[in-house]
Protein chains: 2
Amino acid sequence: MTETVTQIEDAYPTRSVDRPNVIDRPDPTVWGSGREGPLDSATVRHYNDNGYLTIDQLVTPAELQEMKDELERLSEDPVVRADERTIVEPASQGVRSIFEIHNTSEVFKKIAHDPRVVNRARQLLGSDVYIHQSRVNFKPGFEGKEFSWHSDFETWHAEDGMPRTRAVSISISLTRNYSFNGPLMIMPGSHTKFVQCVGKTPEDNYKQSLQMQGPGTPDKKTLEGFADKYGIDVLEGEAGGAIMFDSNCMHASNSNITPFARSNVFIVYNSVENACGEPFAAPKARPEFAGSRDFTPAGQ
Amino acid sequence: MTETVTQIEDAYPTRSVDRPNVIDRPDPTVWGSGREGPLDSATVRHYNDNGYLTIDQLVTPAELQEMKDELERLSEDPVVRADERTIVEPASQGVRSIFEIHNTSEVFKKIAHDPRVVNRARQLLGSDVYIHQSRVNFKPGFEGKEFSWHSDFETWHAEDGMPRTRAVSISISLTRNYSFNGPLMIMPGSHTKFVQCVGKTPEDNYKQSLQMQGPGTPDKKTLEGFADKYGIDVLEGEAGGAIMFDSNCMHASNSNITPFARSNVFIVYNSVENACGEPFAAPKARPEFAGSRDFTPAGQ
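The name recorded for chain A in an unreviewed UniProt entry is Ectoine hydroxylase, from Spelaeicoccus albus. Reading the Catalytic activity (unreviewed entry) entry of the UniProt record for chain A gives the comment "L-ectoine + 2-oxoglutarate + O2 = 5-hydroxyectoine + succinate + CO2". According to its UniProt record, chain A has this under Cofactor (unreviewed entry): "Fe(2+)".

Chemist: Would you take a moment to explain the overall build of chain A for this structure?
Modeler: When helices and strands are counted, chain A shows 9 helices and 13 strands. Over its C-alpha atoms chain A spans a radius of gyration of 18 Å, differing by no more than 12% from the 19 Å that the globule rule assigns to 300 residues. The dimensions of chain A, computed from C-alpha atoms along their principal axes, are 45 × 45 × 35 Å. Considering only residue pairs separated by 6 or more positions, chain A has 87% of its internal contacts joining residues 24 or more positions apart. Charge separation in chain A, taken as the distance between the mean sites of 31 positive and 43 negative side-chain charges, equals 2 Å.

Chemist: Even after reading the chapter, I still don't get the sheet that holds strand β11 (residues 242-246) of chain B, so can you show me in this structure?
Modeler: Backbone-to-backbone hydrogen bonds pair the strands of a sheet. The strands run either parallel or antiparallel. Residue and element names in this part refer to chain B. Strand order across the open sheet formed by 7 strands is β2-β11-β7-β13-β5-β4-β3, with antiparallel pairing between neighbours. Each of the sheet's edge strands pairs with one partner strand only, and the pair in question is β2 (52-55) and β3 (86-88). In this sheet, adjacent strand axes meet at a mean angle of 15° when their direction is disregarded. Across 7 bridges, strand β7 (residues 167-173) lies against strand β13 (residues 262-271) in antiparallel orientation. The partner of I172 across the bridge, within β13, is V265.

Chemist: Sorry, what's going on with the side chain of S97 of chain A here?
Modeler: Residues and elements named next belong to chain A. By secondary structure assignment, the location of S97 is in strand β4 (residues 95-99). Of note is the side chain of S97, whose polar atom sits 2.8 Å from the side chain of N137. Contact partners of S97, with chain neighbours within four places excluded, come to R85, T86, I87, R135, V136, N137 and F138.

Chemist: Please explain the sheet that holds strand β6 (residues 147-150) of chain B as it appears in this structure.
Modeler: Residue and element names in this part refer to chain B. Ordered in space as β6-β12-β8-β10, the 4 strands form an open sheet in which the pairing is antiparallel. Sheet topology places β6 and β10 (233-234) at the edges, where each strand pairs with a single neighbour. With 2 bridges connecting them, β6 and strand β12 (residues 251-253) associate as antiparallel partners. Opposite H150, over in β12, you have H251 as the bridge partner.

Chemist: Would you mind showing me how to read the state of the cysteines here?
Modeler: Note on terminology: disulfide describes a covalent bond linking the sulfur atoms of two cysteines. Overall, the coordinates contain 0 disulfides over all chains when judged by the stated rule. C249 of chain A supplies the cysteine sulfur nearest to C197 of chain A, a cysteine that is in no disulfide, at a spacing of 15 Å.

Chemist: When you look at the interface of chain B and chain A in this model, what are you seeing that I'm missing?
Modeler: Interface extent is often summarised as the accessible area lost during association of the parts. If you look at the interface, chain B gives 26 residues, while chain A gives 26 residues. Here chain B meets chain A over a buried area of about 2,100 Å², counting both sides, of which 68% is carbon and sulfur. Together, F142, F180 and I257 of chain B form the three largest contributors to the area buried by chain B at its contact with chain A, with a combined 30%. The partner of K220 of chain B in a salt bridge is E143 of chain A, with the nearest N and O atoms 3.7 Å apart. Counting the contacts that link chain B with chain A gives 9 residue pairs in polar contact (both at pLDDT 80 or more). Counting residues per element, the ones that place at least two in the side of chain B that touches chain A are β6, α9 (220-230) and β12 of chain B. Counting residues per element, the side of chain B that touches chain A draws most heavily on α9 of chain B, at 5 residues. Class assignment for the residues of the side of chain B that touches chain A results in 14 nonpolar, 7 polar and 5 charged.

About the cut-offs
Residues numbered from 1 in each chain as written. Chains lettered and ligands numbered in written order. Predicted model: local features only at pLDDT ≥ 70, side-chain atom pairs only at ≥ 80, totals over all residues. Heavy atoms only, no water. UniProt positions renumbered as here; feature names shortened; annotations may be inferred. Helix = DSSP H or I, 4+ residues; strand = E, 2+ residues; numbered from the N terminus. Rg over C-alpha atoms; globule rule 2.2 N^0.38 Å. Contact = heavy atoms within 4.5 Å. Lys, Arg positive; Asp, Glu negative; His and termini not counted. Charge placed at Lys NZ, Arg CZ, Asp CG, Glu CD. Pairing = 2+ DSSP bridges. Axes fitted to C-alpha atoms, helices over the stretch in contact; angles between N-to-C directions. Polar contact = N/O pair within 3.5 Å; in protein donor to acceptor, adjacent residues only side chain to side chain. Disulfide = S-S within 2.5 Å. Buried area = accessible area lost by both parts, 1.4 Å probe. Salt bridge = Lys/Arg side-chain N within 4 Å of Asp/Glu carboxyl O. Nonpolar A, V, L, I, M, F, W, Y, C, P; charged D, E, K, R; others polar.

Pasting the structure below:
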């Protein structure tokens, strides 16, 4: 059942303050009992405490190969390259991300609605879930670009109108994540705090922010304090494995100067009880491919 | 005793070829018996096979603090900042390296001639050694820049006239090296091969190359082959520890977007039997601060 929340308050004010500020997260990390499975209780506890969990092998070698082939096909398709939903690196002109792949590719639609993925998301969020965003990301060898520290939720709240921290992302690795080829880094425990960022959101900010970060970037002093308090976990792992992480984790990835490229499939599930409304801190909502308005439950 | 080698042949032709090429290194890694100490035989064997060795704690906490204080003093001194031997990051205007610190700073002169360092270098190179180059390196938090794959020897041979691979570098860590704050990465075993690079050396190349890399950079295909064959070791470790590595190791370091800054003292020891002559592939030799012409044995 799809349910829309009436926005009566802004529990996460951001981009409306004069100076950066850190507030306690008013919402839980695991919604509901978290005991329904398929995740075991130790894994759920790890997610609750650290803001993320890892899955050693989520897909089979055959499925992995199918997704890699599909990724190659998409990245070489001139129609896909020219599409607004494809983000091209300004300097190298290489494809960095292709958005909304759960609608445009049968292969990725299948995994986005697969019970192995959807049921884990349902368990963590305590409700039916819908797909807020999906994309494939490329980090080529030698010149893969870094992505600085941020909370995804800050952007989804400010620019997509997501009311509460009741969303979870899954990153399925299509290549091996070494410590040295720009893997995901998370400050474990940082998801329990919300960093209020300064700076107003410009019109059509997404056209810039999907390439380079601006508003919504936390200040250095807060990040130094977070790094000292929480430390940094580097998420290494094999191709075919996955990471699920809370929408409000402080995370980043280094550049990649090694010859080992990185790519992954990234899907965001939001609770149907947390559907997006008007943006909380932007002139208008981002386009559908960045923040979906189709609240149909996934996996059904 | 200082001895100068007469240059009768170029055993490592580079920047004179049409296409990149890999040749076997004609020289040993450990010169002489390598049995005199202070390094034990297992450590010498590791160095011989991998091209590097690590020292968990080289200096005392008090010495470490003294070096950190000296580094801070130097980097804040406007006379030092304005000196040709200080390399400033083009974008951020931050200090990246200060060269020739073994001559300009009593604190770093002391460690550069310390028997703990010099005797290890003597053991590996099988002779008296002199200081070819010294510097302190800074990699600030949030915006520390990457340094791409290269062999130091290729530059020292081409631009400083170093005849053979009979030099060793020591990097003494002044801060902790995590996997994620841009530590040294080495392809273990790569020191046994020499990559002939393409491209002529421009006049006064060092003014650019100390900031950004150009000639002397190996091609991508060779690097992909090396990475597959040798893999990549990431050299983590505590402040006060050190790494010694062969002049011809293929090495690099990633950028650093974490809040944890990195700094180290870097000293190159060359055998007195391998003193530099005319550059092998450059219009003229680099200045003294980059490649010293004072072949006086260190530590005496």
